[in-house]
Every structure is written in structure tokens, then in C-alpha cells.
Amino acid sequence: MEKDVKIKEIKPLDIKSVTTCDATAQMLKKAEKDGVETAHHRAASMKACPIGAVSACCKHCSMGPCRLNSKDPYGKVGVCGATIDTIQSRNFGRMVATGTAAHTDHGMSMLELFKEVVNGHIKEYSIKDPIKLEEVAASLGIEVEDREIKDIAMDLHKELERTYTQVEGEIPFAKRVPEKTLETWRKHNVVPRGAMREIMELMHRTHMGVDQHYENITNQCSRTALADGWGGSMVATEISDILFGTPTPVPGDVNMGCLRENEVNIVIHGHEPNLFESVLASVDDPKLLKTAEDAGAEGINLVGMCCSGAEMLSRHGVPHAGNFMSTETILVTGAVDAMGVDVQCIKQGLAQVADCYGTKLFTTNPRCRIEGVDHISFVEHDPRACTDAIVKGAIDRFKNRKVPIEIPNIKNSGIHGFSMEYINYMLGGTFRGSYKPLNENIINGRIRGVAGVVGCTNPRVKQDWVHVELVKELIRNDVLVVQTGCSQIALAKAGLYRPEAAAMAGPGLSEVCETVGMPPVLGLGSCADNSRILTACSEMVRTGGLGESLADLPVAGAAPEWMSEKAIAIGQYFVASGVYTVFGVTYPIIEGTKFYEHLFGGLEEMGFGKWGFTADPYEMARMMIAHIDKKRKALGIDRARERVMMDMADRQKLEAA
Ligand code: SF4
Ligand code: MSK
């Protein structure tokens, strides 16, 4: 070990049962040999609390904490009289509020950056996609004809700011919501006013002695979550595209083999593209390259992890070294000279592992500091001050590397960067600008439906396995899969981002993939980019032939290995938008309670989507496909698919009859 870190006795894991990622498995073995503990080890030694796991406890006031019986949920109530449904829905509501706050705070930062770039106060970034700027502005009713880009941009900023700060009215992107879906929202009073107001009201309502009706709390959960999906996250995606470029397909490598032994390796991990974009500029700086060369390095190698990594992979083809459950293990290679982190999904355990291997770990965002870790503040008016310092720190560590290096020789290539604009173009070919070909392929049955498979990895399940098995099963059944975040990386590691993976798809989907040369699984970027799926679904409705509301579409969503509160907020905004959404791992509500039944069925009766749960990937695929088929039937397009799926012999039999 580089530092004088006390080598611990680590209880060895049955590594094959905790991950299917070979690189992570190799590093877990090494970590155990080196006496280094990871989240996988901690999960094995810490049993999840069975009461907390199903939200059967409350600590919202000091008359408690109150713990109800998860086996007999209606057997008692809290000291204040709160029932199990009140306690569970309040806990759920706070998860939605926190997840929404994370996305909206991120989106608001992006919007602030945009304003400062437009008014010339920040010169390090610029508007990379003025066409998208005009499209977004026009979609919100802002005049764009014969106007200066700067004027349009200032109007757009003013309009989008309402997403966060508005007190009454409807958030701007409510304009994108199909009319019938919006009608449902208005009927149930869940159209978000502004994210700050919705989060504040949800926190208020979940205070002791306020809202004590699980259905009423659920309504505010929906309103708040919609302020995330159609608000905070959507603004973050659109503004990031305008500032940094809308993704188009780009080849990219994933996995730990992206590290290079003879180069200075820098990993950026978190969620904010502005930090990553600035590091990209820093690693290209001739002066810093010369410093690296003088230190004996053959170059500077920048790789991403987690969601900002997925975003940079999608936007620029920057190599990606692994998803959430590999962020500690990558440090075990000894090859990472510096890791820069910003916000969200940053494990505190990184500090100890970085210490063990001498990796320089830097926090950069004032919202996220870690005890004992160096902080270099990232200031948007002078971003290079921070990112150059990270690079210098990395070069310094390279010069003084003391630990043996072991880089798993595993790298998987694929095609990433399928923004909804590009999917539209690619499937459309000559029909550029229309979702007609996608809808037609769904109507004629070649594509059975569309599934969004997204979200985290979680040490409570075998890393990547649920994602990969689920997606394989879906594409085998002609379901086109779109992905974001850590799930995208799991499938990229499994090789499904290669166009040749079309051979693993069912006959209809593989025909479409082969015709247009696309993989059967399309990566859209970070977890904030789930908003791209909402935008695409709206376009599918608008294009016609697939019903009038989002709830009519033959689509489904899943987060098979979720772990964060952001995932719950995302799940709730998909459900409130009309999408059947299935979660894996565990569900934080007791099955069979009134609140559970409301989420898993009552909401659908009100015109929304509904939740589903199973930890089993094959069952999950079956549930999603059954839902897609149910929607196809309701649309009257189930027969078309049967015709497409008949082979030649079947057709001949039919013709002869
Ligand atoms: Fe117990 Fe009610 Fe206080 Fe919650 S709010 S801790 S249920 S007394
Ligand atoms: S990083 S929220 S583990 S997708 Fe967005 Fe991955 Fe989940 Fe974090």
C-alpha cells in the first residue's frame, strides 16, 4: 500500500455471485489480497434493515421514532396515530422530493451557466448547437425568425427559469405534453407549477401532522416528480445539448481496459458536464501535455465513470471505465492517477480506497465535500483553474507512482450517442424530422414496442446481471431498448452496443436494425437524460397511430438494479406520465398495503401509468412485454404483429387455406 493504511482482514466474497463484470471481479480479488474494503464487501457484512427496507418506520418527530410491524402492518400505528399508509407514503414522498431536488438543482446550475455564457460573463463555454437552441425556443412559443441568437437565448433563459421559480401556473415544458395526458394531469391537479414550490410543498405535507391521506400525498409525489422529468431534468438535457452539442452516434470504448499504464490516467465521475468539458480542454493543453511528457508519460488519458461519463461517452465518445459499482474497484488497478468528482453517487468509501493506492481524489463542487479529501472548487467563471489543478495533481502522482499497476485487459467497443433527434433521423432516413417510420414499424409489428431500461447498479444484486438479462430478453422479443446511465454501461460492457448485436434481436427488430445499421440497444446519456425518453414518447403520440396519450403507447420502463432516491423520482415521473415502470432489487413499500395497491394499480385507473416490481429479469421482461402487448391490443395493432412474425411456411399455409 502506498500510504500507511492498516491492512484489514477482508472476509472474501463469492465474487462470481456479486458481479458479472469481469474487470470488477478481477479488481475485487486484488482488493481482498491488498486488504482493501469496497461497497461490495460492506454490503455483504451489513444486512439491510427489514423494517426500513419497506418504509415501516417513521422518525419525523421526537414522539417517535415509531416502528411498525412489517409482517402485520395494520397491527399498530405510530404514537401520533399515523397509519402504515401514511408512514410509507410520507417516506416515499421524501425520496421523490430528494431525487427531484438533485435533478432540479443540477438543471438550475446548467441554466445559470447558460445565462452567464449568453451574456458574455463566461467565455470558456459557448453555444455549440444554435439549431437546437432555436428549436427549443420555438417549441415554447418564443419568436426565432430574423432574431439574433443572443436575444433568443436570453428569452429562452427567462422562460425556462420558470421551471424552477414559478409559484403559480404550469411549467414551460408542459407545452410538450400530449393534450390528453395533460388533461389527466389537470384533472388530478398534478401539473407542476415550479420545482421549488413542488419540492417545498411535498416536504411540508410530509411533516408530522400535515397530510395524512396516502392518495393525497401520492398526488403531490406525482406533481413533484413531474417537475423533475418535464422540468429540472429536461432543462438540464436541453441546455447541455445547446451548450455542448446534441449527441450523434459516435464510437466509444467502455470498461477498465480504457486505462493506459504508460499514460497519466484521470477519471471524472459524477453528473455535471461542465466540469468534464473543462477537463477535456485541460488534457488537450499543450503545456500540460508537455508537463506529462516531462514526467515520463506517453500522454494524458481521460476516462469517465457513472453518469457524467455516460453523457461524455454519448456526446464525444470519451472512453468510459465503468458504472456505479466499479468506482471504487477501478482505483484498485493502481493506475488511476487522479479522480475528480462533482455531485451525486459519489461513495464516501472512495476516500479510503484512493488513500490506499495513492490516487489523488478531488472533490470540486461546494455541494459535495468529503472529510479528508482535497477540495478544488470548480468556478464556472474560471473552470480551468480547477481542472488544470486536477491534471497537475494527476501528473504529480504519475511521477511518484509507488504501487504495482494491474489493469484488466478488457475493453468493449460500441456505438453511443443516440439523442432522440438522431433516432428520429436514423429510423426515418429520407423522412427526416418525423417519427413516422418509428411509429410505422411499431404499427406493422416489426418493433413490438419500446422499453426504457435505465438506472443504477446496486451491491444487493449481482452487478450488471439483471440489466443484461432483461435487455437480452426484451430485444429477443422485438422490443427496441433505449438506455441511460449505469444501465447503458452494463449493456455496453456486454457488447450490445455493437451493430452486430442486432443478431441477438428478434426477427422484426433485427430487420429494422440491419436496415438502418443501428444496434438494438440505444444509449442516450446520463440519468438526467431520461427526459429524452419523455420527449420521444410525446413525439410518438403526436405523430399519430399509437393513441392519444402517453398511457396509450406500447412502451414500458425499468430500473432493474436501482439504488438512489433519484431513481424513485424518475420512476414516479414515468408512472405519472402514463408509463408502466418496473423496479428490481427491492421495493420500499409493504406489498398489499393500500398505498402499495394505489401505486401498483390505482394510479392506472386514474389515467396514469403504474408501478411494477420483481427482482427477476426474466419475469421483469415478461411483465413489460405483457404490458406492451396489452397496449397493442387496445390500439388494435396486435394482429399486424402476428402477420409480420409469421415465417414463410406459415404465410403459404394461410394463402393455401
Ligand atoms: Fe411517530 Fe407520528 Fe412522530 Fe412519525 S410523526 S415519529 S409516526 S409520532
Ligand atoms: S450515476 S443515479 S448510480 S444511474 Fe446517475 Fe448511475 Fe444511478 Fe447514480
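Once a new chain begins, its residue numbering starts again from 1 and follows that chain's sequence as written. For this description, chains carry letters from A and ligands carry numbers from 1, given in the order in which they are written. Local features in this predicted model are restricted to residues of pLDDT 70 or higher, and side-chain atom pairs are both shown and tallied only at a pLDDT of 80 or more, whereas totals for entire chains, interfaces and linings draw on every residue. Values shown for side chains rest on all heavy atoms present in the structure; no hydrogens or waters enter the calculation.

Engineer: Is there a simple way to explain the overall build of the protein in this structure?
Structural biologist: For the purposes of this entry, the term helix denotes a DSSP run of H or I that reaches at least four residues, the term strand denotes a run of E that reaches at least two, and both are numbered from the N terminus. Helix and strand counts for the protein stand at 26 helices and 15 strands. Atoms considered for the radius of gyration are the C-alpha atoms alone. The globule rule reads 2.2 Å times the number of residues to the power 0.38. Computed over its C-alpha atoms, the radius of gyration of the protein comes to 24 Å, within 12% of the 26 Å expected for a compact globule of 657 residues. Dimensions of the protein, computed from C-alpha atoms along their principal axes, come out at roughly 75 × 65 × 60 Å. Between buried and exposed lies partly exposed: a residue is buried under 20% and exposed over 50% of the maximum accessible area for its type, with that area taken using a 1.4 Å probe on protein chains only. Classification of the 657 residues of the protein by burial places 63% in the buried group. Any two residues having at least one pair of non-hydrogen atoms within 4.5 Å are treated as being in contact. Put simply, 75% of the contacts in the protein that link residues at least 6 apart link residues at least 24 apart. Accessible surface computed for the protein: about 24,800 Å², of which carbon and sulfur atoms make up 51%. In the protein, which carries 73 positive and 85 negative side-chain charges, the distance between the mean positions of the two groups comes to 4 Å. Using a 1.4 Å probe, accessible areas were evaluated by the Shrake-Rupley method; residue-level cover was limited to the displayed protein chains. Just so you know, the count uses Lys and Arg for positive and Asp and Glu for negative, and it drops His and the chain ends. Where a charge lies is defined by one atom per residue type, namely NZ (Lys), CZ (Arg), CG (Asp) and CD (Glu).

Engineer: I would appreciate a short explanation of the nonpolar core in the present structure.
Structural biologist: Proteins that are soluble and globular tend to have nonpolar side chains buried together. As used in this record, nonpolar core signifies buried Ala, Val, Leu, Ile, Met, Phe, Trp, Tyr and Cys residues forming a set joined through side-chain atoms within 4.5 Å. Judged by nonpolar contacts, the single largest core of 158 residues is most densely connected at F92, F114, L156, I266 and L474. Element by element, the count of residues in this core is highest for helix 10 (residues 214-244), at 13 residues. Setting aside anything within four residues of it in sequence, one finds F114 in contact with I127, L133, A153, L156, H157, I239, I242 and L243. Ranked by size, the runner-up nonpolar core spans 31 residues in total, among them M256, M305, A321 and L331.

Engineer: Can you walk me through the pairing of strand 7 (residues 360-363) in this structure?
Structural biologist: In regular strands, side chains alternate between the two faces of the sheet. Between any two strands, pairing holds if DSSP finds at least two bridges. Where strand 6 (residues 338-341) and strand 7 come together, 4 bridges link them in parallel fashion. By the bridge assignment for strand 7, A338 is matched with K360. A crossover counts as right-handed when, viewed with the strands pointing away from the observer, the path leading from the first strand over the helix to the second turns clockwise. You can see the chain leave strand 6, run along helix 14 (residues 350-357) and come back into strand 7, and the turn it takes is right-handed. With 2 bridges connecting them, strand 7 and strand 8 (residues 374-375) associate as parallel partners. When the bridges of strand 8 are listed, F362 appears paired with D374.

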